[in-house]
Amino acid sequence: MVHSESGSEEKKSSNAVNDLLTFNAENMQNNMKIIYYSRTFLSIIGGVVAGILGFTGLKGFVFYLLLMAVTSVGLVAKAKFSTQTYFDSWNRVLLDGFLGGLMSFVLFWTFAYDIVHIF
Amino acid sequence: MALGFAIGVFGVLILFHAAYSTIQYRGLLKITEEEFSGPPFNVVIELSLGLVLCMWAALTVPGKFLSIHPDSEENRIVSLPANLDFMIFNHRGKVFPVEMDLKLKH
């Protein structure tokens, strides 16, 4: 009897729209850390590739946007297309670490461009 | 896990090799005084291969996603958390007589 009560309580706290009021915060932090590491590493690699290819100006930023879009698709695929099980909102999977990755991207882009094309 | 790491290192090595090829190609262009419009085709292939390998490594090396539902199978709470609310100090052990000359047993 106690089990059925606690089961219905937890069902009440999870609405239809990605809104879990009670969730396991430690696992949530673990998932956010994984996203952060993946995006940062791919921003650095993307910066090096953009520098080697000789992109300048807008083309480089478009390349970064494409790279982040592919990364988002990859992360959603890693979460087996059910982000509700692993995150509490869509925005976290798609947009977290985007700006921090942008700065790493520009840093390594200019770095690689200088090494390959100027020296 | 180690395989993903090795693939990531291999992807980075491919990128370094592509960078070195592009540097040599630019040296060649300086000699013939042509404009740099883009790296040669095989360098582009090498870069996309390195990018694909690094992307695979970036998605698999950091670890698996863990479920955040409190009522899923692998999130079962099987032991009480070790905080002071659950520690009981006011139990019946206090009625045992205290032995004043206890020695350590070897």
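Quick caveat, the model's predicted, so the values are computed rather than measured.

Rules behind the numbers
- Residues numbered from 1 in each chain as written.
- Chains lettered and ligands numbered in written order.
- Predicted model: local features only at pLDDT ≥ 70, side-chain atom pairs only at ≥ 80, totals over all residues.
- Heavy atoms only, no water.
- Helix = DSSP H or I, 4+ residues; strand = E, 2+ residues; numbered from the N terminus.
- Buried < 20%, exposed > 50% of the residue type's maximum accessible area, 1.4 Å probe, protein only.
- Contact = heavy atoms within 4.5 Å.
- Areas by Shrake-Rupley, 256 points an atom, 1.4 Å probe, with all protein chains shown as cover.
- Core = buried A, V, L, I, M, F, W, Y, C linked by side-chain atoms within 4.5 Å.
- UniProt positions renumbered as here; feature names shortened; annotations may be inferred.
- Expected span 1.5 Å × (residues − 1).
- Phe/Tyr/Trp six-rings, centres within 6.5 Å; stacked < 30°, edge-to-face > 60°.
- Lys NZ or Arg CZ within 6 Å of the ring centre and 35° of its normal.

Turning our attention to the overall build of chain A. Looking only at helices and strands, one finds six helices and zero strands in chain A. When each of the 119 residues of chain A is scored for burial, the buried share is 39%. In chain A, 80% of the contacts between residues at least 6 apart in sequence involve partners at least 24 apart. For chain A, the exposed surface amounts to about 6900 Å²; the carbon and sulfur share of it is 68%.

Let us now look at the nonpolar core. In this structure, A:V49, A:F63 and B:L47 are the most contacted members of the largest nonpolar core, which totals 25 residues. Secondary-structure elements contributing two or more residues to this core are α2 (25-53), α3 (58-78) and α6 (98-118) of chain A together with α1 (2-32) and α2 (41-60) of chain B. Per-element accounting of this core gives the leading share, seven residues, to α2(A). Ignoring sequence-local partners within four residues, the contact set of A:F63 consists of A:G46, A:V49, A:A50, A:F55, A:F105 and B:L51. Core analysis: the next-biggest nonpolar cluster, separate from the first, contains eleven residues, A:M28, A:I34, A:L75 and B:L59 among them.

UniProt annotation of "transmembrane region" (unreviewed entry) refers to residues 45-66 of chain B when read in the numbering used here. This span, residues 45-66 of chain B, is 73% helix and 0% strand, and a straight line between its end C-alpha atoms measures 36 Å.

For the rest of this paragraph, the subject is α2(A). Counted at 1.5 Å a residue, the expected span for α2(A) with its 29 residues is 42 Å, and the 42 Å between its end C-alpha atoms agrees. The first or second residue beyond α2(A) is A:G54, which carries a positive phi of 80 degrees.

You can see A:V76 is positioned in helix α3. For the pair A:V76 and A:W90, spaced 14 residues apart in sequence, the C-alpha separation works out to 9.7 Å.

Spacing of three or four residues puts side chains on the same side of an α-helix, whose turn is 3.6 residues. If you check α1(B), its first and last C-alpha atoms are 45 Å apart, about what 31 residues at 1.5 Å a residue would give, namely 45 Å. Within α1(B) the residues assigned to the buried category are B:G4, B:G8, B:G11, B:I14, B:L15, B:A18, B:A19, B:S21, B:T22, B:R26 and B:L29. As for α1(B), its buried residues are in contact with α2 and α6 of chain A together with α2 of chain B. Looking one or two places after α1(B), you find B:E33, whose phi comes out positive at around 55 degrees.

The final tally for this structure, using the stated rule, is seven aromatic pairs over all chains. When the ring of A:F61 is compared with that of A:W109, the centres are 5.5 Å apart and the planes differ by 85 degrees; the resulting orientation is edge-to-face. Linking A:F61 in helix α3 with A:W109 in helix α6, this pair joins segments that are 48 residues apart in sequence. Overall, the relative accessible area of 8% leaves A:W109 in the buried class. Grouped by ring-pair contacts, the aromatic residues A:F55, A:F61, A:F63, A:Y64, A:F105 and A:W109 constitute a single cluster. One residue, A:K78, lies across the ring of B:F65, its end atom 5.5 Å from the ring centre.

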